[in-house]
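So the chains spell out like this:
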Amino acid sequence: MDRLLISGGVSLEGEIRIAGAKNSALPVLAAGLLTREPLTVCNLPHLVDITTMLQLLGCMGVQRTVDEKMNVQVDASTIGNLNAPYELVRTMRASILVLGPLLSRYGEAEVALPGGCAIGSRPVNQHTAALRAMGASISVENGYIRARADGRLKGARLFMDLVTVTGTENIMMAATLAEGQTIIENAAREPEVVDLANCLKRMGADISGHGSDTIVINGVDELRGCRYDIMPDRIETGTYLIAAAATRGHIKVKDTEPPALESVLNKLEQAGAALRVGKDSIELDMRGRRPKAVSLRTAPYPAFPTDMQAQFTALNAVAAGTGSITETVFENRFMHVHEMNRMGANIRVEGNTVIVEGVDQLNGAPVMATDLRASASLIIAGLVSRNETTVDRIYHIDRGYECIEEKLQSLGARISRMPVR
(Lines give C-alpha, C1' and ligand atoms only; values in the text may rest on other atoms or scores of the structure.)
Protein backbone atom coordinates (compact mmCIF):
# COMPACT_ATOMS: atom_id res chain seq x y z
CA MET A 1 0.00 0.00 0.00
CA ASP A 2 1.26 3.49 -0.90
CA ARG A 3 0.79 7.01 0.42
CA LEU A 4 1.35 10.43 -1.09
CA LEU A 5 3.78 12.92 0.43
CA ILE A 6 3.07 16.58 -0.43
CA SER A 7 5.10 19.70 0.35
CA GLY A 8 2.72 22.59 -0.25
CA GLY A 9 3.14 26.21 -1.13
CA VAL A 10 3.80 25.94 -4.89
CA SER A 11 1.53 27.57 -7.49
CA LEU A 12 0.77 25.11 -10.29
CA GLU A 13 2.11 26.19 -13.69
CA GLY A 14 2.23 24.41 -17.06
CA GLU A 15 0.26 22.16 -19.40
CA ILE A 16 -1.15 18.64 -19.05
CA ARG A 17 -3.15 16.26 -21.21
CA ILE A 18 -6.47 14.94 -19.94
CA ALA A 19 -7.08 11.17 -20.01
CA GLY A 20 -10.14 9.35 -21.27
CA ALA A 21 -13.18 9.36 -19.01
CA LYS A 22 -13.39 6.44 -16.60
CA ASN A 23 -17.15 6.86 -16.27
CA SER A 24 -17.48 6.54 -20.03
CA ALA A 25 -14.92 3.77 -20.53
CA LEU A 26 -16.52 1.34 -18.08
CA PRO A 27 -19.97 1.15 -19.75
CA VAL A 28 -18.40 1.12 -23.23
CA LEU A 29 -16.29 -1.90 -22.25
CA ALA A 30 -19.44 -3.59 -20.92
CA ALA A 31 -21.11 -2.88 -24.29
CA GLY A 32 -18.64 -5.32 -25.83
CA LEU A 33 -20.81 -8.10 -24.37
CA LEU A 34 -23.60 -7.14 -26.79
CA THR A 35 -21.86 -8.34 -29.96
CA ARG A 36 -20.05 -11.41 -31.24
CA GLU A 37 -17.62 -9.16 -33.12
CA PRO A 38 -14.59 -7.47 -31.52
CA LEU A 39 -15.01 -3.98 -30.03
CA THR A 40 -11.86 -1.84 -29.93
CA VAL A 41 -11.88 0.87 -27.26
CA CYS A 42 -9.38 3.73 -27.63
CA ASN A 43 -8.25 6.50 -25.27
CA LEU A 44 -8.76 4.29 -22.22
CA PRO A 45 -7.33 5.77 -19.02
CA HIS A 46 -4.78 3.66 -17.14
CA LEU A 47 -6.74 3.13 -13.93
CA VAL A 48 -7.42 0.41 -11.39
CA ASP A 49 -11.15 0.43 -12.23
CA ILE A 50 -10.38 -0.19 -15.92
CA THR A 51 -8.13 -3.09 -14.98
CA THR A 52 -10.89 -4.47 -12.74
CA MET A 53 -13.47 -4.28 -15.54
CA LEU A 54 -11.11 -6.06 -17.94
CA GLN A 55 -10.48 -8.74 -15.30
CA LEU A 56 -14.23 -9.12 -14.86
CA LEU A 57 -14.75 -9.57 -18.60
CA GLY A 58 -11.81 -11.98 -18.70
CA CYS A 59 -13.21 -14.20 -15.96
CA MET A 60 -16.32 -14.59 -18.14
CA GLY A 61 -14.18 -15.82 -21.03
CA VAL A 62 -14.02 -12.58 -23.02
CA GLN A 63 -10.77 -12.26 -24.98
CA ARG A 64 -8.85 -9.01 -24.36
CA THR A 65 -6.06 -7.77 -26.62
CA VAL A 66 -3.93 -4.65 -26.18
CA ASP A 67 -2.28 -3.12 -29.26
CA GLU A 68 0.93 -1.08 -29.51
CA LYS A 69 -1.00 2.16 -28.82
CA MET A 70 -2.59 0.73 -25.65
CA ASN A 71 -6.01 0.42 -27.27
CA VAL A 72 -7.99 -2.54 -25.93
CA GLN A 73 -9.99 -4.98 -28.05
CA VAL A 74 -12.65 -7.06 -26.30
CA ASP A 75 -14.06 -10.11 -28.06
CA ALA A 76 -17.09 -11.70 -26.40
CA SER A 77 -17.47 -14.49 -29.01
CA THR A 78 -15.58 -16.77 -26.61
CA ILE A 79 -17.68 -16.02 -23.51
CA GLY A 80 -18.40 -19.11 -21.44
CA ASN A 81 -19.47 -17.82 -18.03
CA LEU A 82 -22.35 -15.47 -17.26
CA ASN A 83 -21.35 -14.86 -13.63
CA ALA A 84 -19.80 -11.65 -12.24
CA PRO A 85 -18.20 -12.78 -8.96
CA TYR A 86 -18.19 -10.87 -5.70
CA GLU A 87 -14.39 -10.88 -5.51
CA LEU A 88 -14.24 -8.40 -8.41
CA VAL A 89 -17.61 -6.65 -8.17
CA ARG A 90 -17.13 -5.65 -4.51
CA THR A 91 -14.38 -3.17 -5.44
CA MET A 92 -16.24 -1.31 -8.19
CA ARG A 93 -19.87 -0.32 -8.41
CA ALA A 94 -19.77 -0.02 -12.21
CA SER A 95 -19.57 -3.83 -12.40
CA ILE A 96 -23.39 -3.76 -12.34
CA LEU A 97 -23.15 -2.56 -15.96
CA VAL A 98 -22.62 -6.12 -17.21
CA LEU A 99 -26.13 -7.09 -16.03
CA GLY A 100 -28.12 -5.51 -18.86
CA PRO A 101 -25.87 -6.67 -21.73
CA LEU A 102 -25.59 -10.25 -20.43
CA LEU A 103 -29.33 -10.57 -19.91
CA SER A 104 -30.21 -9.02 -23.26
CA ARG A 105 -27.83 -11.07 -25.39
CA TYR A 106 -27.60 -14.38 -23.50
CA GLY A 107 -30.91 -14.46 -21.63
CA GLU A 108 -29.39 -14.84 -18.18
CA ALA A 109 -26.92 -13.27 -15.78
CA GLU A 110 -25.67 -13.65 -12.22
CA VAL A 111 -24.04 -10.49 -10.86
CA ALA A 112 -22.88 -9.86 -7.32
CA LEU A 113 -24.31 -6.80 -5.62
CA PRO A 114 -21.74 -4.04 -6.24
CA GLY A 115 -19.36 -2.16 -3.97
CA GLY A 116 -17.25 0.95 -4.64
CA CYS A 117 -16.84 4.18 -2.68
CA ALA A 118 -18.66 4.44 0.65
CA ILE A 119 -20.46 7.69 -0.19
CA GLY A 120 -24.02 6.63 0.56
CA SER A 121 -26.84 4.39 -0.54
CA ARG A 122 -26.90 3.65 -4.27
CA PRO A 123 -29.48 0.87 -4.63
CA VAL A 124 -29.84 -1.24 -7.76
CA ASN A 125 -33.64 -1.49 -7.52
CA GLN A 126 -34.15 0.84 -10.47
CA HIS A 127 -32.03 -1.44 -12.65
CA THR A 128 -33.93 -4.55 -11.62
CA ALA A 129 -37.39 -2.93 -11.76
CA ALA A 130 -36.80 -1.76 -15.33
CA LEU A 131 -35.51 -5.15 -16.44
CA ARG A 132 -38.55 -6.83 -14.88
CA ALA A 133 -40.77 -4.44 -16.85
CA MET A 134 -38.95 -5.69 -19.95
CA GLY A 135 -39.92 -9.28 -19.18
CA ALA A 136 -37.03 -10.55 -17.06
CA SER A 137 -37.46 -12.64 -13.93
CA ILE A 138 -35.07 -11.43 -11.26
CA SER A 139 -34.25 -12.51 -7.73
CA VAL A 140 -31.77 -11.09 -5.27
CA GLU A 141 -30.40 -13.72 -2.93
CA ASN A 142 -27.15 -14.52 -1.14
CA GLY A 143 -25.63 -11.25 -2.32
CA TYR A 144 -26.29 -11.90 -6.03
CA ILE A 145 -28.71 -10.59 -8.63
CA ARG A 146 -29.95 -13.58 -10.63
CA ALA A 147 -31.75 -12.64 -13.83
CA ARG A 148 -33.30 -14.69 -16.61
CA ALA A 149 -35.31 -13.88 -19.74
CA ASP A 150 -37.50 -16.28 -21.70
CA GLY A 151 -36.40 -15.32 -25.19
CA ARG A 152 -35.67 -11.69 -26.04
CA LEU A 153 -36.40 -8.88 -23.63
CA LYS A 154 -39.46 -6.84 -24.60
CA GLY A 155 -39.44 -3.09 -25.17
CA ALA A 156 -41.27 -1.06 -22.53
CA ARG A 157 -41.98 2.49 -21.45
CA LEU A 158 -39.91 3.07 -18.33
CA PHE A 159 -39.89 5.95 -15.87
CA MET A 160 -36.84 6.17 -13.60
CA ASP A 161 -37.94 7.24 -10.10
CA LEU A 162 -34.57 8.94 -9.59
CA VAL A 163 -32.07 10.12 -12.16
CA THR A 164 -29.48 7.34 -12.27
CA VAL A 165 -26.49 7.26 -14.62
CA THR A 166 -25.65 3.56 -14.35
CA GLY A 167 -29.35 2.68 -14.37
CA THR A 168 -29.88 4.61 -17.60
CA GLU A 169 -26.78 3.03 -19.15
CA ASN A 170 -27.70 -0.51 -18.10
CA ILE A 171 -31.24 -0.29 -19.46
CA MET A 172 -30.14 1.47 -22.64
CA MET A 173 -27.71 -1.38 -23.38
CA ALA A 174 -30.31 -4.02 -22.57
CA ALA A 175 -32.85 -2.32 -24.84
CA THR A 176 -30.57 -2.34 -27.91
CA LEU A 177 -31.29 -6.05 -28.49
CA ALA A 178 -34.83 -6.12 -27.05
CA GLU A 179 -37.90 -6.78 -29.15
CA GLY A 180 -39.70 -3.52 -29.97
CA GLN A 181 -39.29 -0.01 -28.63
CA THR A 182 -38.05 1.07 -25.20
CA ILE A 183 -38.56 4.60 -23.89
CA ILE A 184 -36.57 5.68 -20.83
CA GLU A 185 -38.12 8.71 -19.16
CA ASN A 186 -36.34 10.80 -16.52
CA ALA A 187 -33.14 9.45 -18.04
CA ALA A 188 -29.70 10.68 -17.01
CA ARG A 189 -28.32 13.36 -19.34
CA GLU A 190 -24.65 13.11 -18.42
CA PRO A 191 -22.07 13.37 -21.22
CA GLU A 192 -20.89 9.85 -20.38
CA VAL A 193 -24.40 8.53 -21.14
CA VAL A 194 -24.25 10.33 -24.49
CA ASP A 195 -20.81 8.83 -25.16
CA LEU A 196 -22.12 5.32 -24.54
CA ALA A 197 -25.11 5.97 -26.81
CA ASN A 198 -22.80 7.19 -29.56
CA CYS A 199 -20.72 4.01 -29.25
CA LEU A 200 -23.85 1.83 -29.36
CA LYS A 201 -25.09 3.70 -32.45
CA ARG A 202 -21.75 3.02 -34.16
CA MET A 203 -22.29 -0.65 -33.29
CA GLY A 204 -25.64 -0.52 -35.11
CA ALA A 205 -28.06 0.37 -32.31
CA ASP A 206 -31.12 2.54 -33.02
CA ILE A 207 -31.05 5.21 -30.29
CA SER A 208 -32.35 8.78 -30.18
CA GLY A 209 -32.87 11.40 -27.50
CA HIS A 210 -29.59 10.77 -25.65
CA GLY A 211 -28.57 13.97 -23.91
CA SER A 212 -32.21 14.68 -23.05
CA ASP A 213 -34.37 13.22 -20.29
CA THR A 214 -36.19 10.90 -22.72
CA ILE A 215 -34.20 8.26 -24.59
CA VAL A 216 -35.84 6.09 -27.26
CA ILE A 217 -34.31 2.76 -28.28
CA ASN A 218 -35.68 0.56 -31.07
CA GLY A 219 -34.32 -2.95 -30.62
CA VAL A 220 -32.29 -4.55 -33.42
CA ASP A 221 -31.48 -8.20 -34.08
CA GLU A 222 -27.74 -7.85 -33.55
CA LEU A 223 -24.94 -5.37 -33.05
CA ARG A 224 -21.54 -5.32 -34.75
CA GLY A 225 -18.07 -4.49 -33.54
CA CYS A 226 -16.43 -1.11 -34.09
CA ARG A 227 -13.56 1.12 -33.04
CA TYR A 228 -14.49 3.83 -30.56
CA ASP A 229 -12.60 6.70 -28.87
CA ILE A 230 -13.62 7.44 -25.27
CA MET A 231 -14.44 11.08 -24.46
CA PRO A 232 -12.08 13.10 -22.22
CA ASP A 233 -12.60 12.95 -18.46
CA ARG A 234 -14.48 16.08 -17.35
CA ILE A 235 -13.94 15.29 -13.65
CA GLU A 236 -10.17 14.98 -14.07
CA THR A 237 -10.25 18.24 -16.05
CA GLY A 238 -12.16 20.06 -13.32
CA THR A 239 -9.94 18.67 -10.56
CA TYR A 240 -6.74 20.07 -12.09
CA LEU A 241 -8.39 23.41 -12.82
CA ILE A 242 -9.57 23.69 -9.20
CA ALA A 243 -6.10 22.71 -7.94
CA ALA A 244 -4.59 25.49 -10.05
CA ALA A 245 -7.16 27.99 -8.78
CA ALA A 246 -6.56 27.03 -5.15
CA THR A 247 -2.77 27.39 -5.54
CA ARG A 248 -3.15 30.74 -7.38
CA GLY A 249 -1.57 29.17 -10.44
CA HIS A 250 -1.76 29.23 -14.25
CA ILE A 251 -2.30 26.00 -16.19
CA LYS A 252 -3.64 24.76 -19.51
CA VAL A 253 -5.45 21.43 -19.82
CA LYS A 254 -5.44 19.89 -23.29
CA ASP A 255 -7.45 17.18 -25.06
CA THR A 256 -10.54 17.95 -23.01
CA GLU A 257 -14.18 18.77 -23.79
CA PRO A 258 -15.10 22.24 -22.45
CA PRO A 259 -18.89 22.10 -23.15
CA ALA A 260 -19.22 19.25 -20.62
CA LEU A 261 -17.86 21.52 -17.86
CA GLU A 262 -20.04 24.60 -18.16
CA SER A 263 -21.29 24.56 -14.55
CA VAL A 264 -17.77 24.03 -13.15
CA LEU A 265 -16.21 26.75 -15.32
CA ASN A 266 -18.92 29.16 -14.19
CA LYS A 267 -17.98 28.57 -10.54
CA LEU A 268 -14.26 28.96 -11.29
CA GLU A 269 -14.95 32.34 -12.86
CA GLN A 270 -16.92 33.29 -9.74
CA ALA A 271 -13.84 32.28 -7.74
CA GLY A 272 -11.82 34.85 -9.68
CA ALA A 273 -10.19 32.71 -12.35
CA ALA A 274 -9.49 34.12 -15.81
CA LEU A 275 -10.41 31.44 -18.34
CA ARG A 276 -9.54 31.04 -21.98
CA VAL A 277 -11.57 28.24 -23.55
CA GLY A 278 -10.57 26.61 -26.84
CA LYS A 279 -12.12 23.84 -28.87
CA ASP A 280 -10.41 21.11 -26.83
CA SER A 281 -8.47 23.07 -24.20
CA ILE A 282 -9.02 25.27 -21.15
CA GLU A 283 -6.48 27.75 -19.79
CA LEU A 284 -6.91 29.03 -16.23
CA ASP A 285 -4.94 31.92 -14.76
CA MET A 286 -5.40 33.21 -11.20
CA ARG A 287 -2.73 35.88 -11.76
CA GLY A 288 -1.39 35.12 -8.29
CA ARG A 289 -4.61 36.13 -6.58
CA ARG A 290 -6.34 34.38 -3.71
CA PRO A 291 -9.58 32.71 -4.85
CA LYS A 292 -12.96 34.01 -3.73
CA ALA A 293 -15.35 31.71 -1.86
CA VAL A 294 -18.20 30.28 -3.94
CA SER A 295 -21.50 28.65 -3.05
CA LEU A 296 -22.95 25.77 -5.02
CA ARG A 297 -25.52 22.98 -5.01
CA THR A 298 -24.95 19.59 -6.61
CA ALA A 299 -27.55 17.97 -8.85
CA PRO A 300 -27.68 15.72 -11.91
CA TYR A 301 -26.23 17.04 -15.18
CA PRO A 302 -26.29 19.73 -16.49
CA ALA A 303 -26.21 21.13 -12.94
CA PHE A 304 -23.06 21.10 -10.80
CA PRO A 305 -21.63 17.54 -10.53
CA THR A 306 -21.46 15.77 -7.19
CA ASP A 307 -18.01 14.47 -8.21
CA MET A 308 -16.62 18.02 -7.99
CA GLN A 309 -17.97 19.25 -4.66
CA ALA A 310 -15.14 17.88 -2.50
CA GLN A 311 -12.56 19.66 -4.65
CA PHE A 312 -14.43 22.96 -4.32
CA THR A 313 -14.56 22.42 -0.55
CA ALA A 314 -10.74 22.41 -0.59
CA LEU A 315 -10.68 25.59 -2.68
CA ASN A 316 -13.16 27.33 -0.35
CA ALA A 317 -11.03 26.30 2.62
CA VAL A 318 -8.35 28.84 1.57
CA ALA A 319 -10.59 31.32 -0.28
CA ALA A 320 -11.52 34.83 0.77
CA GLY A 321 -14.97 34.81 2.36
CA THR A 322 -17.49 32.12 3.22
CA GLY A 323 -19.10 29.63 0.87
CA SER A 324 -21.77 26.96 1.27
CA ILE A 325 -21.85 23.64 -0.58
CA THR A 326 -25.08 21.63 -0.60
CA GLU A 327 -25.00 17.95 -1.61
CA THR A 328 -28.28 16.61 -3.03
CA VAL A 329 -27.08 13.44 -4.80
CA PHE A 330 -25.41 11.33 -2.07
CA GLU A 331 -26.10 11.52 1.64
CA ASN A 332 -22.63 10.57 2.93
CA ARG A 333 -20.23 12.64 0.87
CA PHE A 334 -18.66 14.97 3.43
CA MET A 335 -16.21 12.52 4.97
CA HIS A 336 -13.29 14.69 3.77
CA VAL A 337 -14.43 17.57 6.01
CA HIS A 338 -13.03 16.09 9.24
CA GLU A 339 -9.64 15.54 7.61
CA MET A 340 -9.52 19.11 6.26
CA ASN A 341 -10.41 20.52 9.66
CA ARG A 342 -7.42 18.62 11.07
CA MET A 343 -5.35 20.68 8.62
CA GLY A 344 -6.72 23.95 10.02
CA ALA A 345 -9.75 24.45 7.80
CA ASN A 346 -12.87 26.08 9.26
CA ILE A 347 -15.69 23.88 7.98
CA ARG A 348 -18.90 22.85 9.65
CA VAL A 349 -21.56 20.43 8.47
CA GLU A 350 -25.22 21.39 8.71
CA GLY A 351 -27.35 18.54 7.38
CA ASN A 352 -26.56 18.15 3.69
CA THR A 353 -24.65 21.43 3.54
CA VAL A 354 -21.12 22.41 4.53
CA ILE A 355 -20.30 26.00 5.48
CA VAL A 356 -16.67 26.86 4.70
CA GLU A 357 -15.04 29.97 6.12
CA GLY A 358 -11.77 30.53 4.27
CA VAL A 359 -8.49 30.72 6.18
CA ASP A 360 -5.22 32.24 4.99
CA GLN A 361 -3.43 28.88 4.79
CA LEU A 362 -3.83 25.28 5.84
CA ASN A 363 -1.25 23.31 7.82
CA GLY A 364 0.12 19.99 6.63
CA ALA A 365 -0.97 16.90 8.53
CA PRO A 366 -1.36 13.13 8.09
CA VAL A 367 -4.79 12.58 6.51
CA MET A 368 -6.71 9.57 5.26
CA ALA A 369 -8.70 9.32 2.04
CA THR A 370 -12.23 7.95 2.39
CA ASP A 371 -13.38 7.82 -1.24
CA LEU A 372 -12.22 8.69 -4.74
CA ARG A 373 -13.13 12.39 -4.94
CA ALA A 374 -12.31 13.01 -1.27
CA SER A 375 -8.81 11.79 -2.12
CA ALA A 376 -8.48 14.51 -4.76
CA SER A 377 -9.72 17.18 -2.35
CA LEU A 378 -7.13 16.19 0.27
CA ILE A 379 -4.37 16.41 -2.33
CA ILE A 380 -5.53 19.93 -3.22
CA ALA A 381 -5.57 20.78 0.49
CA GLY A 382 -2.01 19.47 0.77
CA LEU A 383 -0.90 21.59 -2.17
CA VAL A 384 -2.03 24.78 -0.38
CA SER A 385 -0.66 23.84 3.06
CA ARG A 386 2.42 24.78 5.01
CA ASN A 387 4.82 21.95 5.72
CA GLU A 388 4.20 18.35 4.70
CA THR A 389 0.96 16.44 4.20
CA THR A 390 0.71 12.69 3.89
CA VAL A 391 -2.38 11.16 2.29
CA ASP A 392 -3.02 7.51 3.18
CA ARG A 393 -5.33 4.96 1.54
CA ILE A 394 -4.64 6.37 -1.91
CA TYR A 395 -5.92 3.20 -3.58
CA HIS A 396 -9.11 5.26 -3.79
CA ILE A 397 -7.46 7.85 -6.03
CA ASP A 398 -5.87 5.21 -8.24
CA ARG A 399 -9.38 4.12 -9.16
CA GLY A 400 -10.12 7.41 -10.92
CA TYR A 401 -7.01 9.50 -11.65
CA GLU A 402 -4.32 8.45 -14.11
CA CYS A 403 -0.77 9.06 -12.76
CA ILE A 404 -1.96 11.96 -10.60
CA GLU A 405 1.34 12.57 -8.85
CA GLU A 406 3.25 12.57 -12.16
CA LYS A 407 0.86 15.07 -13.74
CA LEU A 408 1.04 17.33 -10.69
CA GLN A 409 4.84 17.06 -10.69
CA SER A 410 4.84 18.26 -14.30
CA LEU A 411 2.96 21.35 -13.08
CA GLY A 412 5.58 22.04 -10.42
CA ALA A 413 3.96 20.37 -7.41
CA ARG A 414 6.20 18.77 -4.80
CA ILE A 415 4.43 15.46 -4.49
CA SER A 416 5.69 11.89 -4.44
CA ARG A 417 4.40 8.38 -3.90
CA MET A 418 5.92 6.41 -1.08
CA PRO A 419 5.37 2.85 0.13
CA VAL A 420 3.85 2.40 3.58
CA ARG A 421 6.36 0.50 5.67
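Preceding this paragraph is the structure being described.
In this convention, every chain numbers its residues from 1, walking through the sequence in written order. The model is predicted, so local features are restricted to residues of pLDDT at least 70 and side-chain atom pairs to those at 80 or more, both for listing and for counting; the totals for chains, interfaces and linings are taken over all residues. With hydrogens and water excluded, all non-hydrogen atoms of the structure serve as input to the side-chain values.

Colleague: Give me the lowdown on the pattern of salt bridges, citing residues and values where you can.
Modeller: In what follows, salt bridge is the name for a side-chain nitrogen of Lys or Arg lying within 4 Å of a carboxyl oxygen of Asp or Glu. Under the counting rule described, the total for this entry stands at 21 salt bridges. With a shortest N-O distance of 3.6 Å, Arg417 and Asp2 are connected by a salt bridge. Pair noted here: Arg417 is in strand E26 (residues 414-419) and Asp2 is in strand E1 (residues 2-7), with a separation of 415 residues, a long-range link. Residue Arg417 is classed as partly exposed on the basis of its relative accessible area, which comes to 29%. Burial here depends on accessible area, computed with a 1.4 Å probe over protein chains only, as a share of the maximum for the residue type. Under 20% is buried, over 50% is exposed, and the range in between is partly exposed. Residue class for Asp2 comes out partly exposed when judged on its relative accessible area of 29%. Taking the shortest distance from any N to any O, the salt bridge between Glu339 and Arg342 comes out at 3.9 Å. Highlighted residues: Glu339 and Arg342, both in helix H11 (residues 336-342), separated by three residues, approximately one helical turn. Several salt bridges share partner residues, and in doing so they unite Asp2, Asp398, Glu405 and Arg417 into one network. Each helix is a run of DSSP H or I of at least 4 residues and each strand a run of E of at least 2, with the numbering of both proceeding from the N terminus.

Colleague: Give a description of the sheet that holds strand E16 (residues 274-277) that names residues and reports values.
Modeller: Pairing between two strands requires that DSSP report at least two bridges joining them. Strand order in the open sheet formed by four strands is E2-E15-E17-E16, with mixed pairing between adjacent strands. Pairing within the sheet leaves two strands with one partner each, and these edge strands are strand E2 (13-17) and E16. Across this sheet, the average inter-strand angle for adjacent strands is 10°, counted without regard to direction. As paired elements, E2 and strand E15 (residues 250-254) share five bridges and run parallel to each other. Bridge assignment links Ile16 to a residue of E15, and that residue is Val253. When checking whether two residues touch, look at their non-hydrogen atoms; a contact exists if any pair is within 4.5 Å. Between N-to-C directions, angles span 0 to 180 degrees; the directions come from axes that are lines fitted to C-alpha atoms, helices contributing only their stretch in contact. Where helix H8 (residues 234-246) meets the sheet, its contacts fall on E2, E15 and strand E17 (281-285), and the angle it forms with E15 comes to roughly 170°.

Colleague: Before we move on, could you go through the packing of aromatic side chains and cite the residues and values that matter?
Modeller: Only centres within 6.5 Å qualify two rings of Phe, Tyr or Trp (six-membered ring in Trp) as a pair; their planes then separate them into stacked at under 30 degrees, edge-to-face at over 60, and tilted for everything else. A complete count under the given rule lists one aromatic pair for this structure. Aromatic side chains Phe304 and Phe312 sit 5.4 Å apart centroid to centroid with 75° between the ring planes, which places their arrangement in the edge-to-face category. Grouping residues by exposure puts Phe304 and Phe312 together as buried.

Colleague: Go over the pairing of E17 with me, naming the residues and quoting the values.
Modeller: Within E17, four of the five residues are buried, leaving the element largely enclosed by the surrounding structure. Across five bridges, E15 lies against E17 in antiparallel orientation. Along E17, the bridge assignment pairs Lys252 with Glu283. Relative to E17, E16 runs antiparallel, the two being bridged by four bridges.

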